[in-house]
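Structural features, examined
Residues per chain, in single letters:
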Amino acid sequence: MQIGPINRLPTELLLRAFQFHLEAAPDTCDVYRHGKRFLASVSRRWRDVILHSPSLWTTIKVTSYCSEARAKTYVSRSSQSLLNIHFYSSGHDQGTFTAILNVLAACAHRWCSLIIRNDISSLHKYLILEKLNHLSFPSLKRVSFWGFPGSFLGQAELSQLIFLHPESSPHLEHLHLPARVGQLVPSHIRSGLSTLSLSFHVSHPIRHPSLFESPSFQGLTSLHVTDYSANVICDLLPNSIQLPLLEKFVCGLQYGKALIHALVAPKLKHFEYCPSSHHELASALFAGLNSRFNNVDYLRLSEFTTENLSETVCLAFPNVCHLELVPAKNSVRSHRVALPSAVPLWNNLKSLTLQGLRDTDFKFLSSLASWFELRLNGQPKLRVKIVSYQSTISSLFRRLHKHCHLELSDDFCTIDKVLCQSQAWEVLRLPFRVTDKFSATTFVTGYGRSRNCCCGAHALTTDYDS
């Protein structure tokens, strides 16, 4: 009998393919039933690989699908591998949830990452914190805690998150916290923390830099701050926050000027400004920061208009190599379509990504083409990626391809749609790459094959659980 190509794959490659498939499943999917069980039903070899590969059982998601028996199965089949524990919203009663928690707590020494999602009930969060604060996690490196209930703030043991102290989590490196908690615990977190993400709320503003002055944060290489309401960081003095090792900064604050001007980070290379809504013009936001971030080579600006490419931005980030622009949501496009003459200050620019352009952005694209043409005087062509929505691919190509190396991605078309259009074949023969995010995802991960299950596979009855 001839052996099919897939069966000639070494076990290591087959296992990696399984991992890609399972990791691509949405959080809401019952991966145990519709992922592993589905794959195990294909052949005896696949079943053996899945049942005897501990790496496929190291992520335990406590959702409505989870049970005490299933938790025990994951703990057993993961052998002695490190575990990723994710708590999601579930409809478990207190007794069932406590039983699952006890199973996971018994192997706390193997936890390497912990996620507690925002949609978990306050009761379940209370049970989690009460349990965690009495355990030690010698392997824990990553913690993400969303939506800390305000009712916990008056309870010292809960609000201080004792399990994050160095005595309990000596190797913690990556931490995401609501800012209301972040202001209470920094002095208790180990100094080796490298990544910090804080979510602020209007009722808990930061008016002084003491939060960032903690010795625990001086070793940060990545900082991400965001808010969900209004101006939560204010009254910070310029140059008052010194983070000497910081390499990546993501600012999602609606009013981020005070924090940006307070930040001193000589090693910063990656800068993102992505507010939930746009309240400050870039010309004002970055004014007076001449060469402040001269080592930044990657810059991402969300909520942009052409005004974002003002001289103040160029001067604040003079050595940008990779620029990504994301347009303002639901906004009328700026009438200032001419790109500023200062933009050529970016002599080191190598690539540009434009997100969410439409056919209505004709004037902007025309000015962009003119700018590309000006840059060709003594400078190599830029690599340009345009992620467009409901656009005519061929029209974009005709406007820009002469002046740059162009890649187009259309989020709302499929490969079949492109190939069926009369102009598509002409486009596909041209020396650039047409990508299709939706279809590529379908091909790689199986998304969209079934409306009954997000992971794209139906449950099958097998002897998988035996």
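Just above, that's the structure.
Now for a look at the structure at hand. Here the structure is a predicted model, which is why all the values come from computation and not from measurement. (Residues numbered from 1 in each chain as written. Predicted model: local features only at pLDDT ≥ 70, side-chain atom pairs only at ≥ 80, totals over all residues. Heavy atoms only, no water.)

Brief notes about the overall build of the chain
Heads up, the condition is: Runs of H or I in DSSP of at least four residues are treated as helices and runs of E of at least two as strands, each being numbered from the N terminus. Only protein chains enter the accessibility calculation, which uses a 1.4 Å probe. A residue is then buried if its area is under 20% of the maximum for its type, exposed if over 50%, and partly exposed in between. Pairs of residues are marked as contacts when any of their non-hydrogen atoms sit within 4.5 Å. Computed with a 1.4 Å probe, the accessible areas rest on the Shrake-Rupley method; for each residue, only the protein chains presented here act as cover.
A count of helices and strands for the chain gives 17 helices and 17 strands. Burial statistics for the chain: of 466 residues in total, 49% are counted as buried. The long-range share in the chain, meaning contacts at least 24 apart out of those at least 6 apart in sequence, stands at 69%. A total of about 22,100 Å² of accessible surface is found on the chain, and carbon and sulfur atoms cover 55% of it.

A word on the pattern of salt bridges
Inclusion rule: In what follows, salt bridge is the name for a side-chain nitrogen of Lys or Arg lying within 4 Å of a carboxyl oxygen of Asp or Glu.
Evaluated as defined, the whole model comprises three salt bridges. Of the charged contacts in the structure, one is a salt bridge between Lys269 and Asp297, with a shortest N-O distance of 3.6 Å. Of this pair, Lys269 sits in the loop between β10 (263-264) and β11 (270-273) while Asp297 sits in the loop between α11 (282-285) and β12 (298-304); the two residues are 28 residues apart in sequence, bridging distant segments of the chain. Classification of Lys269 as partly exposed rests on a relative accessible area of 40%. Judged by relative accessible area, Asp297 falls into the partly exposed class, the value being 24%.

A closer look at the pairing of strand β2 (residues 83-87)
Residues in a regular strand project their side chains so that they alternate between the two faces of the sheet. Selection rule: We treat two strands as partners when DSSP finds at least two bridges between them. By convention, a crossover is right-handed whenever its connection, traced from the first strand over the helix to the second and viewed with the strands pointing away, goes clockwise.
With five of five residues buried, β2 is to be regarded as a mostly interior element. Side chains Leu83, Ile85 and Phe87 project from β2 onto one buried face, and the interleaved Asn84 and His86 project onto a second face that is buried too. Where strand β1 (residues 59-62) meets β2, four bridges bridge the pair, whose relative direction is parallel. Bridge assignment links Lys61 to a residue of β2, and that residue is His86. Handedness of the crossover joining β1 and β2 through helix α4 (residues 68-77) is recorded here as right-handed. Where the polypeptide runs from β2 across helix α5 (residues 94-105) and back to strand β3 (residues 111-116), its parallel neighbour, the crossover connection is right-handed.

Examining the pairing of strand β13 (residues 322-327)
Counting buried positions along β13 yields five of six residues, so the element is predominantly enclosed. Two strands pair when backbone bridges link them, and β13 and strand β14 (residues 351-357) are joined in this way by four bridges, in the parallel orientation. Its bridge partner lying in β14, Glu324 is registered against Thr353.

Regarding helix α1 (residues 11-23)
For the α-helix, the turn length of 3.6 residues means that residues three or four positions removed from each other point alike. Here is the rule we go by: Helices are assigned an expected span. That span is 1.5 Å times one less than the residue count. By construction, the arc corresponds to the directions joining the helix axis to the C-beta atoms.
With 13 residues, α1 ought to run about 18 Å at 1.5 Å a step, and its terminal C-alpha atoms sit 18 Å apart, in line with that. When α1 is considered as a whole, its buried residues turn out to be Leu14, Leu15, Phe18, Gln19, His21 and Leu22. Down the axis of α1, the sector holding all buried residues measures 165°, keeping them to one side. Turned more than 90 degrees off the buried face of α1, the exposed positions are Glu12 and Glu23.

Description of the nonpolar core
Put simply, the test is: Definition used in this section: a nonpolar core is a set of buried Ala, Val, Leu, Ile, Met, Phe, Trp, Tyr and Cys residues joined via side-chain atoms within 4.5 Å.
Judged by nonpolar contacts, the single largest core of 109 residues is most densely connected at Phe87, Phe249, Phe271 and Phe286. With residues up to four places along the chain from it excluded, the contact list for Phe286 reads Ile260, His261, Phe271, Leu301, Thr312, Val313, Ala316 and Phe317.

Description of unusual backbone geometry
In the Ramachandran plot, Asn239 falls in the positive-phi region, its phi being about 65° despite a non-glycine side chain. With respect to the helices, strands and loops of the structure, Asn239 is situated in the loop between β7 (222-227) and β8 (241-242).

Here we look at the packing of α5 against helix α6 (residues 122-132)
Inclusion rule: Between N-to-C directions, angles span 0 to 180 degrees; the directions come from axes that are lines fitted to C-alpha atoms, helices contributing only their stretch in contact. Here the word oblique covers every angle except those under 35 degrees (roughly parallel), over 145 (roughly antiparallel) and from 65 to 115 (roughly perpendicular). Should the near helix be turned anticlockwise from the far one by less than a right angle, the crossing is termed left-handed; should it be turned clockwise, right-handed. Just so you know the grouping, Ala, Val, Leu, Ile, Met, Phe, Trp, Tyr, Cys and Pro go in nonpolar, Asp, Glu, Lys and Arg go in charged, and all remaining residues, Gly too, go in polar.
Relative to each other, α5 and α6 sit at 30°, their axes nearing to 11 Å. With respect to α6, the axis of α5 lies roughly parallel. Once α5 is placed against α6, the crossing between them reads as right-handed. Contact with α5, carried on its side by Gln94, Phe97, Thr98, Leu101, Asn102 and Ala105, involves Leu123, His124, Leu127, Ile128 and Lys131 of α6 and no other residues of that element. Its residues assigned to classes, the contact of α5 with α6 comprises six nonpolar, four polar and one charged.

Some points on the packing of aromatic side chains
Worth spelling out the cut-off: Aromatic rings from Phe, Tyr and Trp, taking only the six-membered ring of Trp, are treated as a pair when their centres fall within 6.5 Å; an angle between ring planes under 30 degrees marks them as stacked, one over 60 as edge-to-face, and anything in between as tilted.
Inspection of the entire model under this criterion finds 12 aromatic pairs. Here the aromatic rings of Phe271 and Phe293 are separated by 5.4 Å at their centres, their planes lie at 45°, and the arrangement is tilted. On the criterion of sequence distance, the pair formed by Phe271 in strand β11 and Phe293 in the loop between α11 and β12 is long-range, its members being 22 residues apart. Residue classification places Phe271 among the buried residues on the basis of a relative accessible area of 0%. A relative accessible area of 2% means that Phe293 is categorised as buried.

Let's talk about the state of the cysteines
Formally: Only a pair of cysteine sulfur atoms within 2.5 Å counts as a disulfide in this structure description.
With the rule as written, the count across this model stands at zero disulfides. Cys274 takes part in no disulfide bond, and the closest cysteine sulfur to it belongs to Cys251, at a distance of 7.5 Å. You can call Cys274 partly exposed: its relative accessible area is 22%.

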